[in-house]
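Residues per chain, in single letters:
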Amino acid sequence: MNLIGVVFLGLAVPSIFVNAATKDWWETASIYQIYPRSFKDSNGDGIGDLKGITEMLPYLKEIGVDVTWLSPIFKSPMADFGYDISDFFDIQPEYGTLQDFDNLIARAKEVGVKVLLDLVPNHSSDENEWFIKSLNKEQGYESFYVWHPGYPDPKNSTNRLPPSNWISEFRFSAWTWREERQEFYLHQFLYKQPDFNYRNPAVVQQMKDIMTFWLKRGIDGFRIDAVPHLFEVEPDRDGVYPDEPLSGETDDPNSYNYLKHIYTFDQPETIDMVYQWRQVVDDFQKQNGGDTRILLTEAYSPLNVLMQYYGNATMNGSHIPFNFHLITELNETSKAPDFERVINEWMNAMPAGRTANWVLGNHDQRRVASRYGVEKIDLLNMLLMILPGVAVNYNGEEIGMTDVWISWNDTVDPEACNTDPEHYEAVSRDVARTPFQWDDGTDAGFSTGSHTWLPIGLNYKQVNVETERKYVRSYLNTYKRAKELRHNTKTFQDGDFKMVAINENVFGIERSLQNQDTFVMVANVGSRLERVNLGSLENSLDVMEVVLSSDKSPRRIGDVIRASEFILLPNEALYLRPKA
Ligand code: NOJ
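Conventions and cut-offs
- Residues numbered from 1 in each chain as written.
- Predicted model: local features only at pLDDT ≥ 70, side-chain atom pairs only at ≥ 80, totals over all residues.
- Heavy atoms only, no water.
- Buried < 20%, exposed > 50% of the residue type's maximum accessible area, 1.4 Å probe, protein only.
- Helix = DSSP H or I, 4+ residues; strand = E, 2+ residues; numbered from the N terminus.
- Pairing = 2+ DSSP bridges.
- Salt bridge = Lys/Arg side-chain N within 4 Å of Asp/Glu carboxyl O.
- Axes fitted to C-alpha atoms, helices over the stretch in contact; angles between N-to-C directions.
- Left-handed = near helix turned anticlockwise from the far one by under 90°.
- Contact = heavy atoms within 4.5 Å.
- Nonpolar A, V, L, I, M, F, W, Y, C, P; charged D, E, K, R; others polar.
- UniProt positions renumbered as here; feature names shortened; annotations may be inferred.
- Phe/Tyr/Trp six-rings, centres within 6.5 Å; stacked < 30°, edge-to-face > 60°.
- Lys NZ or Arg CZ within 6 Å of the ring centre and 35° of its normal.
- Parallel < 35°, antiparallel > 145°, perpendicular 65-115°, else oblique.
- Expected span 1.5 Å × (residues − 1).
- Near = heavy atom within 4 Å.
- Polar contact = N/O pair within 3.5 Å; in protein donor to acceptor, adjacent residues only side chain to side chain.
- Areas by Shrake-Rupley, 256 points an atom, 1.4 Å probe, with all protein chains shown as cover.

Caption draft 1: Focus on the pairing of strand 17 (residues 506-512). Of all the seven residues making up strand 17, seven are buried; the element is thus mostly covered by neighbouring parts of the structure. What you see with strand 17 is no split at all: V506, G508, E510 and S512 on one side and F507, I509 and R511 on the other are buried throughout. Two elements, strand 16 (residues 496-501) and strand 17, share six bridges in a ladder whose sense is antiparallel. Its bridge partner lying in strand 17, M499 is registered against I509. In this sheet, strand 18 (residues 519-524) lies alongside strand 17 in antiparallel orientation, the contact comprising six bridges. Bridge pairing in strand 18 links E510 to V520. Taking the residues that link successive antiparallel strands as the turn, the strand 17-strand 18 hairpin has six residues, and the phi of N515 there is positive, at about 60 degrees.

Structure (structure tokens):
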């Protein structure tokens, strides 16, 4: 009997079958998020740009990236660092020009890396011409955004009260008054980010036109921002928007968490909008040929809602509804059964024929090395690469970049700036957005300028690409080796998947495929040494070979272990296969 069959036997874990039919290019893809402002500065202004990204595309190939998604590169006053777009059809001058963009796409095709852009459909900048037109009630734009006159203030006749108690994600009322129009507009994020009105068909069409514009320029799809916020409940017959109930989670009336967002988040119409966008990319491919163009959707929504994003029996939806559970459900205190539960939950919830995905980090979250601890960097990258489906990394995770402490005075993230010196650290996203660390020279090789828009991480002398290339067991090389196995091994691509907690601290993952080597990952997430038995007594003589080991392991590639009894050090992770 196959050793691994025995390992997991008796633990009553359902075997989850991973479709072995021919897969489309994206179904086993490694996706890498680039935060353009911080990736590579080509002109010494301390801000990353498109030429910088273009220059570094071969690096993406070197680390086995199939497709990169770029955070917004469009014209923007940068109130939310590009998530406030003033012109959806042009490039932010700090980042370059449309010509630079075309060059980037051309180079990406040469190198063999696909490119996705960030579509921000929920809102624009208040400096967008559409908003200005709407403010002035210009014909065709009157209801491009969500406007409401609010109510007289009984206590102060010169004041108006907002239409409802809704609160913005970045604190304070989600309604802002404009004298010009004598009305409030809705913004679920900053006041500089007015929400589009998705009940207006012209808005829906506008967004589709934006998609087509960029698809024509040669991109491979979109990451779509803030999808659950698209719709708000409709006002009643008297034009009244209902208040949202208190959540009971906090006493702070300005905090987003003060309310339960039952009227502004995950409204049922959202799902249909995602299906419509899918139609746009599918139609584009039908008409223009080429590989499948894909959608990645950002929604921190409950599992049952995310599953609807995939599509239903008759409609396709998002190819990749981001699975953020490695970020939101697990951290440095998680035990092996927590990993098992969280990962199997997604696998078991997925509708038949859909593809799993796993996101380790992004520009809104603390860095994975800081959430889980630096000693688990290799373990997590190895976990990501052996899970079935799509793996999503944020730039810098492959070299183990950590959060960078930034003083209140240097803080620029609007979410943090909306708090105060005492509270900003709990929410600041700047910590994970600092410049990418390329080498141990000036500005970590990110820029030649005298000042960078955010400070460089203090550890850049050790934690950088150039240095890590030189050490066999660096984070970078372990990541690359895991990626190679993922790319070049049929079992990683198509194999069945099983995951179990072997004890409180050790989990095991098995990938197996008929007539192919079985691969096992075993990892100790605890802080003490663990004696592990992978097999039953009858099979204790089975011998396995180390294919890859984490930095916390004394074992080397090719070392042999007895599956029936071996020791795992804290944070040690191994890829194993039966010894031939
Ligand atoms: C989600 C993005 O990831 C985040 O960075 C941004 O602030 C909000 N959406 C608003 O667009």
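That shown, we press on.
Caption draft 2: Representation of the pattern of salt bridges. In total, this model carries 36 salt bridges according to the counting rule given. A salt bridge links D364 to R433; the nearest nitrogen and oxygen atoms lie 3.1 Å apart. In this pair, D364 sits in the loop between strand 14 (357-359) and helix 10 (368-372) while R433 sits in the loop between helix 13 (424-427) and helix 14 (465-470), placing the two residues 69 residues apart along the sequence. Accessibility expressed as a relative area gives 22% for D364, which makes it partly exposed. Of the residues examined, R433 reaches a relative accessible area of 1% and is grouped as buried. Across the pair E572 and R555 runs a salt bridge, and its minimum N-O distance is 2.8 Å. Of this pair, E572 sits in the loop between strand 22 (566-568) and strand 23 (573-578) while R555 sits in the loop between strand 20 (543-549) and strand 21 (560-562), and the two are 17 residues apart along the sequence. Accessibility assignment for this pair places E572 and R555 in one class, buried. Among the charged side chains, a salt-bridge network with shared partners connects D80, D364, D413, E415, R429 and R433.

Caption draft 3: Representation of the pairing of strand 2 (residues 67-70) within the structure. Burial along strand 2 is two-sided: the residues V67 and W69 and T68 and L70 are all buried. Pairing between strand 2 and strand 5 (residues 114-119): four bridges, direction parallel. What sits directly across from W69, in strand 5, is L116.

Caption draft 4: How the structure looks around the packing of helix 5 (residues 201-216) against helix 6 (residues 269-288). Two elements in contact, helix 5 and helix 6, have axes separated by 11 Å at closest approach and are oriented at 35 degrees. Handedness of the helix 5/helix 6 crossing: right-handed. Here helix 5 contributes V204, M207, K208, M211, T212, L215 and K216 to the contact with helix 6, which in turn contributes M273, Q276, W277, V280, V281 and F284. For the contact of helix 5 with helix 6, the class distribution of residues is nine nonpolar, two polar and two charged.

Caption draft 5: Local environment of the UniProt feature "domain: Glycosyl hydrolase family 13 catalytic" (unreviewed entry) in the protein. Following the UniProt record, one finds the feature "domain: Glycosyl hydrolase family 13 catalytic" (unreviewed entry) at residues 33-433. From the first C-alpha to the last, residues 33-433 spans 12 Å; its make-up is 29% helix and 14% strand.

Caption draft 6: Layout of the packing of aromatic side chains. Tallied over the entire structure, the rule returns 40 aromatic pairs. Arranged with centres 6.1 Å apart and planes meeting at 45 degrees, the rings of F88 and F196 form a pair that is tilted. Highlighted residues: F88 in strand 4 (residues 87-91) and F196 in the loop between strand 10 (183-186) and helix 5, separated in sequence by 108 residues. Neither F88 nor F196 differs from the other in exposure class; each is buried. The cationic tip of R37 hangs over the ring face of W453; the distance from NZ or CZ to the ring centre is 4.8 Å. Just above the ring of W25 sits the side chain of K114; from NZ or CZ to the centre is 4.8 Å.

Caption draft 7: Geometry of the packing of helix 2 (residues 50-62) against helix 3 (residues 98-111). Put simply, helix 2 and helix 3 touch, their axes get as near as 9 Å, and they point 10 degrees apart. Taken as axis vectors, helix 2 and helix 3 run roughly parallel relative to one another. Contacts from L50, K51, I53, T54, L57, P58 and K61 of helix 2 reach helix 3 at D100, F101, N103, L104, R107, A108 and V111. Residues belonging to the contact of helix 2 with helix 3 are distributed by class as follows: eight nonpolar, two polar and four charged.

Caption draft 8: Quick peek at helix 9 (residues 336-349). The end-to-end C-alpha separation of helix 9 is 20 Å, in line with the 20 Å expected for 14 residues at 1.5 Å each. Within helix 9, the full set of buried residues consists of A336, F339, V342, I343, N344, W346 and M347.

Caption draft 9: Expanded view of the site of the ligand. The immediate surroundings of the ligand are formed by D80, Y83, H123, F170, F189, R223, D225, E298, H363, D364, R429 and R433. Here an oxygen atom of the ligand sits 2.9 Å away from a polar atom, N or O, in the side chain of H363. Between R429 and the ligand, the recorded distance is 3.0 Å, taken from a side-chain N or O atom to an oxygen atom. The fraction of the free accessible surface of the ligand (300 Å²) that becomes covered by protein chains is 97%. Tallied by class, the residues present in the shell around the ligand amount to three nonpolar, two polar and seven charged.

Caption draft 10: Representation of the environment of R160 in the model. Structurally, the position occupied by R160 is in strand 8 (residues 156-161). Note on R160: relative accessible area 30%, which makes it partly exposed. Along the chain, R160 and N43 lie 117 residues apart, while their C-alpha atoms are 48 Å from each other. From its side chain, R160 meets the backbone oxygen of P149 in a polar contact 3.2 Å long. A distance of 3.0 Å separates a polar atom in the side chain of R160 from the backbone oxygen of G150.

Caption draft 11: Quick peek at the sheet that holds strand 16. As summarised here, the arrangement of the six strands in space is 16-17-18-23-20-21, forming an open sheet in which the pairing is antiparallel. In the strand order of this sheet, the two ends are held by strand 16 and strand 21, each with one partner. Along the sheet, successive strands turn relative to each other by an average axial angle of 30 degrees, direction set aside. Relative to the sheet, helix 9 contacts strand 16 and strand 17, its axis offset from that of strand 16 by approximately 150 degrees. Of the strands in this sheet, strand 18, strand 20 and strand 23 touch helix 15 (residues 475-488), which is tilted by about 125 degrees from strand 20.

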